[in-house]
Amino acid sequence: MMSFFYQYPFLIGIVSCLLAFAGMPLVLRIAKQKHLVVRPNKRMSHTGEIPNIGGIDICFSFMLTYLVFEFNGIQESQFLLIGVFAIMTVGLVDDILILSPTAKLLGETLAGTALVGFADIRLTHLHGIFGITEIGLIPSYLISLLALLAIINAINLIDGVDGLASGLGMLYCSFFAVYFYLVGETDWAILAICLIGSLAVYFCYNVFGSTRKIFMGDSGSLLLGYMLAAFVFKFCELNAYAQVPAGLQISAAPAVAIAVLAVPLFDMLRVSLTRIKHCQSPFHADKNHIHHLLLRTGLTHFQTTCVLLAVSVITIGIGILGRNWNFWLLTATIFFVCSVFVIIVWRIIDRKNAQY
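What you are looking at is a predicted structure, and each value in this text was computed from that prediction instead of being measured.

Quick notes on the rules
- Residues numbered from 1 in each chain as written.
- Predicted model: local features only at pLDDT ≥ 70, side-chain atom pairs only at ≥ 80, totals over all residues.
- Heavy atoms only, no water.
- Salt bridge = Lys/Arg side-chain N within 4 Å of Asp/Glu carboxyl O.
- Helix = DSSP H or I, 4+ residues; strand = E, 2+ residues; numbered from the N terminus.
- Polar contact = N/O pair within 3.5 Å; in protein donor to acceptor, adjacent residues only side chain to side chain.
- Contact = heavy atoms within 4.5 Å.
- Core = buried A, V, L, I, M, F, W, Y, C linked by side-chain atoms within 4.5 Å.
- Buried < 20%, exposed > 50% of the residue type's maximum accessible area, 1.4 Å probe, protein only.
- Pairing = 2+ DSSP bridges.
- Axes fitted to C-alpha atoms, helices over the stretch in contact; angles between N-to-C directions.
- Parallel < 35°, antiparallel > 145°, perpendicular 65-115°, else oblique.
- Left-handed = near helix turned anticlockwise from the far one by under 90°.
- Nonpolar A, V, L, I, M, F, W, Y, C, P; charged D, E, K, R; others polar.
- Phe/Tyr/Trp six-rings, centres within 6.5 Å; stacked < 30°, edge-to-face > 60°.

1. Describing the pattern of salt bridges
Argument step 1. Under the definition given, this model contains 6 salt bridges.
Argument step 2. Connected via shared salt-bridge partners are D94, K104 and D218.

Below is the structure:
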């Protein structure tokens, strides 16, 4: 039976989807009973009290599915899964108590040590960036933790309209699942597929749910960012040491990873620099994110999500086409495309404002 699923790994995503579907009503009931909801505020465009612990359903359906199909490899993945549970817990505590940025960052760092330090899933090679190839243990830990925190918080910050974080998450996981499957890393492909199935159910509730709408909360967005960081690390490491078939070798793997995650990474960089320019903390909350700008053009939440998914498909396509370019050339190309997109959005906003 298991061999059949391994032959058609996408079916494992269906199992994850079914488990998430079975668990979501329970999560909704608990959220309403315990008042684990988001109330309307000036940064929200929703009305009413909406449960914000969808990340719990994502986490447990994802982990349970993976444990069922990868039980024999649990010893190798135990610290990764411990880290997943830890980062979900940090997010859940933030959803309930609202942690300070410093406390939240500390929690993310501690959870990250399970991935980088104990699971030993980290960056050990810089692919010739700045002329550097292999790096020592301490630099490896520091660079990996910084990259992990950047990806986690980029995903966390992009989670601002219905379906956006989960839609992007499914797209990104699909890219890594296909690549891992093609290069023979079936265990990692299954890990990504399990997460896709869990995210798919949440996406439906979040986008199409009316009376049963739910948000993933930080418990979901931090978990998603954590897993994407793990996929990026594995992707880069496979290509650093020629552990993949020659035809699938990617010399600019770090730049391709940036291309895949371009929308949240570029948005985080742009917003942070804007805040610093205005003498504000990079952690200062505002409505200057790309999804907020698209809403100001008159798009709906779903239309905004579709636009940003389309932009992501374009940057991923550029990443695939330029997979063997120079790192800086590919990164600059992605930066240019994202910059042009933001400029176009601002032009549309300015034109709309001029009409009133």
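2. Some thoughts on unusual backbone geometry
Argument step 1. Even without being a glycine, D120 presents a positive backbone phi close to 60°.
Argument step 2. Examined against the element boundaries, D120 turns out to sit in the loop between α5 (101-118) and β3 (125-129).
Argument step 3. Of note in this structure, F130 is not a glycine but carries a positive phi near 60°.
Argument step 4. Looking at where F130 falls in the secondary structure, it is placed in the loop between β3 and β4 (132-134).

3. Quick notes on the side chain of N239
Argument step 1. With respect to the helices and strands, the residue N239 is situated in helix α9 (residues 217-240).
Argument step 2. Polar contacts involving the side chain of N239 include one to the main-chain amide nitrogen of I250, which spans 2.8 Å.
Argument step 3. Setting aside residues no more than four positions away along its own chain, N239 makes contact with H127, Y179, V244, L248, Q249, I250 and A253.

4. Some details on the nonpolar core
Argument step 1. In this structure, L195, Y226, M227, L228, F231 and F235 are the most contacted members of the largest nonpolar core, which totals 114 residues.
Argument step 2. In terms of residue count, helix α8 (residues 186-208) provides more of this core than any other element does, 15 residues in total.
Argument step 3. If we ignore the near neighbours within four places in the chain, the residues touching F231 are C173, F176, F180, W188, L191, A192 and L195.

5. Details of the pairing of β3
Argument step 1. Of all 5 residues in β3, 4 are buried; the element is thus mostly enclosed.
Argument step 2. Here β3 pairs with β4 via 2 bridges, running antiparallel. Bridging across to β4, H125 finds its partner in E134.
Argument step 3. Counted between consecutive antiparallel strands, the loop separating β3 from β4 contains 2 residues, among which F130 sits at a positive phi close to 60°.

6. Observations regarding the packing of helix α2 (residues 10-33) against α8
Argument step 1. Following both chains from N to C, one finds α2 and α8 inclined at 40°, their axes separated by 7 Å at the closest point. It follows from the interaxial angle that α2 and α8 lie oblique. Crossing geometry of α2 relative to α8 is assigned as right-handed. Across from F10, I12, G13, S16, C17, A20, F21, M24, P25 and L28 in α2, the residues of α8 making contact are I190, I193, C194, G197, S198, V201, Y202 and Y205.
Argument step 2. Looking at the contact of α2 with α8, its residues break down into 14 nonpolar, 4 polar and no charged.

7. Things to note about the packing of helix α10 (residues 253-260) against helix α13 (residues 301-321)
Argument step 1. It is at 7 Å that the axes of α10 and α13 come closest, and there the two elements cross at 165°. Between α10 and α13, the interaxial angle falls into the category roughly antiparallel. Crossing geometry of α10 relative to α13 is assigned as left-handed. Note on element contacts: α13 touches α10 through T315, I316 and G319, opposite V256, A259 and V260.

8. Remarks on the packing of aromatic side chains
Argument step 1. Under the counting rule described, the total for this entry stands at 16 aromatic pairs.
Argument step 2. Taking the centre distance of 5.0 Å and the plane angle of 75° together, the rings of Y179 and F235 count as edge-to-face. Linking Y179 in helix α7 (residues 164-182) with F235 in helix α9, this pair joins segments that are 56 residues apart in sequence.
Argument step 3. For the pair F327 and W328, a centre-to-centre distance of 4.8 Å together with 80° between the ring planes defines the contact as edge-to-face.

9. Re α10
Quick reminder: α-helices carry 3.6 residues per turn. Residues three or four places apart thus point the same way.
Argument step 1. Judged by how many residues are buried, α10 sits mostly within the fold: 7 of 8 residues are covered.
Argument step 2. Every buried residue of α10 is accounted for by A253, P254, A255, V256, A257, A259 and V260.
Argument step 3. Each element contacted by the buried residues of α10 is listed here: β3, α7, α9, α11 (262-277), α13 and α14 (327-354).

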